[in-house]
Amino acid sequence: MSCSGSILLPTRHSLPQKKMSKVCNIVGGVISPLLANIALHGMEEALEIKHRKRGELNSQRALVRYADDFCVFCESQEDAEAVKHILSDWLNKRGLVLAPEKTHIVHLTEGFNFLGFHIRLYRASNTKTGWKLLTKPSKEAVQKHREQMKQEWEAVRGWKMEKILWKFNPIIRGWANYYRTGTAKETFNKLDDWMFYKEVRHVKRTHPRKPKRWQQRKYWGRLNLERQDHWVFGDKHTGHHLFKYAWFPIERHILVKGTASPDDPALKDYWHKRNAMQVKNLPASRQKIAKKQNGICPVCKNTLFNDEELHVHHKKPKAEGGKDNYGNLVLVHFFCHQQIHAKQDVEDELLGVGSS
């Protein structure tokens, strides 16, 4: 059985009028997940979930939580009901409640959606139990992504190919990297078929009077030299091309060992090796920069891979003759990049004042 739910965090609209002047609405803000993690720390202890020294689960229950979204795996419906009552009381002491519309108790053979994935037990003749747990992209997530891409295709009418690739490739890479940890191969292939249909439609709108053979020769070919695929959409003059979802290999997510924390100094090497594995999610050009930096941001000295947006920084600005070569480029966090330029602006201002 699985008990899945979401926490309803208090906002200024749900607080007494007297406290409204001292409270801001943090739901949806960048600090909201951090505050949720602080408020919900200790949920595993409340459910009596324990781990062995090596990190293996040593309990009849299992908790998976991301900020204020979570699911609890139990061995029976009775235990799932008990978990719901335990968490309701535990949250009530913190001034929180379970969101009724998101809290469900379902059997794994029925499946449930969590963080864009559909988690369900499927019948399988090649396993001892006769069942296999698969984590697939949910239908809702796929449909939402299609709607987004459909709007993007409408927006790029009349654009040059280079600009279209600049627009689409980051979206495809990000979506595929997120879902490739699950059973997503079939979904990726279907999305590639759908994207091919959108490519054909876009070309027909761009060149309505050109014959089909001419359109094929101009826009499709073996543009990705690493693959024997002659139907890659792109610019034949530059070789730049549109990514395909199926090009992103399925790689299973490796669970964090037990209660291992990035803040534990004794586990520094463990987290360094784990974070280094995320380099492969970056574009090829950025992978080389990240490896050169050993996955560390040169500004804050922390790992690059903390889910923060990454920017490429020129050590010597292009305005001063700096070039786009690897020796002049570093990867930094978005806010670290802002700090660099803020510091440079202050120094320039001081130099200007001193010279006047």
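Worth saying up front: this structure is predicted, and the values here are computed from it rather than measured.

*Asks:* For this particular structure, what's the right way to read the overall build of the protein chain?
*Replies:* Helix and strand content of the protein chain: 10 helices and 12 strands. The proportion of buried residues among the 356 residues of the protein chain is 35%. Carbon together with sulfur atoms contributes 53% to the accessible area of the protein chain, which is approximately 23300 Å² in total.

*Asks:* In this structure, what is going on with the packing of helix 4 (residues 139-155) against helix 6 (residues 185-206)? I would like to understand it.
*Replies:* Between helix 4 and helix 6, the least distance of the axes is 11 Å, while the angle of their chain directions is 20 degrees. The angle between helix 4 and helix 6 places the two elements in the roughly parallel class. For helix 4 against helix 6, the interelement crossing comes out right-handed. Facing Val 142, His 145, Arg 146, Met 149, Lys 150, Trp 153 and Glu 154 of helix 4, the residues of helix 6 in contact are Thr 187, Lys 190, Leu 191, Trp 194, Met 195, Lys 198, Glu 199, His 202 and Arg 205. Its residues placed into classes, the contact of helix 4 with helix 6 shows six nonpolar, three polar and seven charged.

*Asks:* Please explain empty space enclosed by the protein as it appears in this structure.
*Replies:* Under the defined criterion, the tally for this structure stands at one cavity of 30 Å³ or more. Its volume calculated, the largest cavity comes out at about 60 Å³. Trp 153, Glu 154, Arg 157, Lys 198, Arg 201, His 202 and Arg 205 together form the lining of the largest cavity. When residues of the lining of the largest cavity are traced back to their parent elements, those giving at least two are helix 4 and helix 6.

*Asks:* I tried to follow the pairing of strand 7 (residues 117-123) on my own but got confused; where do I start?
*Replies:* Every regular strand shows the same layout, with side chains that alternate between the two sheet faces. The sheet contact formed by strand 6 (residues 112-114) and strand 7 spans three bridges and is antiparallel. Paired with Phe 112 across the strands is Ile 119, a residue of strand 7. In textbook terms, the turn of a hairpin is the stretch between consecutive antiparallel strands, and for strand 6 and strand 7 this stretch comprises two residues, one of which, Leu 115, has a positive phi near 55 degrees. Two elements, strand 7 and strand 8 (residues 131-137), share seven bridges in a ladder whose sense is antiparallel. Residue pairing in the sheet places Phe 117 in a bridge with Pro 137 of strand 8.

*Asks:* Teacher, can you tell me more about the sheet that holds strand 7 here?
*Replies:* Within a sheet, each strand pairs with its neighbour through backbone hydrogen bonds, oriented either parallel or antiparallel. The three strands are arranged 6-7-8 in an open sheet whose pairing can be described as antiparallel. Edge positions in the sheet fall to strand 6 and strand 8, since each has one partner strand and no second. Averaged over all adjacent pairs, the angle separating strand axes in this sheet is 30 degrees, with direction ignored.

*Asks:* Help me understand the layout of surface pockets in this model?
*Replies:* Empty pockets left among the atoms are what a rolling probe the size of a water molecule brings to light. By volume, the second largest pocket amounts to about 530 Å³. Around the second largest pocket sit 21 residues that line it, and Asn 224, Glu 226, Phe 243, Trp 247 and Ala 284 are the ones nearest its centre. When residues of the lining of the second largest pocket are traced back to their parent elements, those giving at least two are helix 5 (161-179) and helix 9 (284-292). Among the elements that make up the lining of the second largest pocket, the one with the highest residue count is helix 9 (three residues). Of the residues contributing to the lining of the second largest pocket, the split by class is nine nonpolar, six polar and six charged.

*Asks:* Can you walk me through the pattern of salt bridges in this structure?
*Replies:* When their charged atoms lie close together, side chains carrying opposite charge are able to pair. Applying the stated criterion to the full structure yields seven salt bridges. Here Glu 186 makes a salt bridge to Lys 190, at a shortest N to O gap of 3.3 Å. Here the residue Glu 186 and the residue Lys 190 both occupy positions in helix 6, the gap between them amounting to four residues, near one helical turn. Among the ionic pairs, Lys 244 bridges to Asp 229, the shortest N-O distance being 2.7 Å. Residue Lys 244 is located in the loop between strand 10 (232-233) and helix 8 (268-276), and its partner Asp 229 is located in the loop between strand 9 (220-221) and strand 10; the two are separated by 15 residues in the primary sequence. Look at the salt bridges and you will find they share partners, linking Glu 154, Arg 157 and Arg 205 into a network.

*Asks:* Please clarify how the side chain of Asn 328 should be interpreted in this entry.
*Replies:* Turning to its location among the elements, Asn 328 is positioned in the loop between strand 11 (310-314) and strand 12 (329-333). Note on Asn 328: relative accessible area 9%, which makes it buried. For Asn 328, the side chain forms a polar contact with the main-chain nitrogen of Lys 316, separated by 2.8 Å. In this view, Asn 328 contacts His 313, His 314, Lys 315, Lys 316, Gly 322 and Lys 323; residues no more than four positions away in its chain are not counted.

*Asks:* Mind showing me how you'd approach the packing of aromatic side chains here?
*Replies:* What characterises a pair of aromatic rings is the spacing of the ring centres plus the angle enclosed by the ring planes. Following the criterion strictly, the structure yields 18 aromatic pairs and no others. Measuring from centroid to centroid gives 6.1 Å for Phe 73 and Phe 112, while their planes differ by 55 degrees, and the two rings are tilted. Within this pair, whereas Phe 73 is found in strand 3 (residues 69-73), its partner Phe 112 is found in strand 6, the two being separated by 39 residues in sequence. On the basis of an interplanar angle of 55 degrees and a centroid distance of 5.8 Å, the ring pair of Phe 196 and Trp 220 is categorised as tilted. In this pair, Phe 196 sits in helix 6 while Trp 220 sits in strand 9, placing the two residues 24 residues apart along the sequence. Among the residues examined, Phe 196 registers a relative accessible area of 33% and is labelled partly exposed. Residue Trp 220 is classed as buried on the basis of its relative accessible area, which comes to 6%. Taken together, the aromatic side chains of Trp 153, Phe 168, Phe 196, Tyr 219, Trp 220, Trp 231 and Phe 233 make up a single cluster linked through ring pairs. Over the ring of Trp 214 we find Lys 210; its NZ or CZ atom is 4.9 Å from the centre of that ring.

The rules we used
- Residues numbered from 1 in each chain as written.
- Predicted model: local features only at pLDDT ≥ 70, side-chain atom pairs only at ≥ 80, totals over all residues.
- Heavy atoms only, no water.
- Helix = DSSP H or I, 4+ residues; strand = E, 2+ residues; numbered from the N terminus.
- Buried < 20%, exposed > 50% of the residue type's maximum accessible area, 1.4 Å probe, protein only.
- Areas by Shrake-Rupley, 256 points an atom, 1.4 Å probe, with all protein chains shown as cover.
- Axes fitted to C-alpha atoms, helices over the stretch in contact; angles between N-to-C directions.
- Parallel < 35°, antiparallel > 145°, perpendicular 65-115°, else oblique.
- Left-handed = near helix turned anticlockwise from the far one by under 90°.
- Contact = heavy atoms within 4.5 Å.
- Nonpolar A, V, L, I, M, F, W, Y, C, P; charged D, E, K, R; others polar.
- 1 Å grid on protein atoms, 1.4 Å probe; cavity = no way out; pocket = protein on both sides within 12 Å on 5 of 7 lines; lining within 4 Å.
- Points joined across faces, edges and corners; volume = space filled by probe spheres on them.
- Pairing = 2+ DSSP bridges.
- Salt bridge = Lys/Arg side-chain N within 4 Å of Asp/Glu carboxyl O.
- Polar contact = N/O pair within 3.5 Å; in protein donor to acceptor, adjacent residues only side chain to side chain.
- Phe/Tyr/Trp six-rings, centres within 6.5 Å; stacked < 30°, edge-to-face > 60°.
- Lys NZ or Arg CZ within 6 Å of the ring centre and 35° of its normal.

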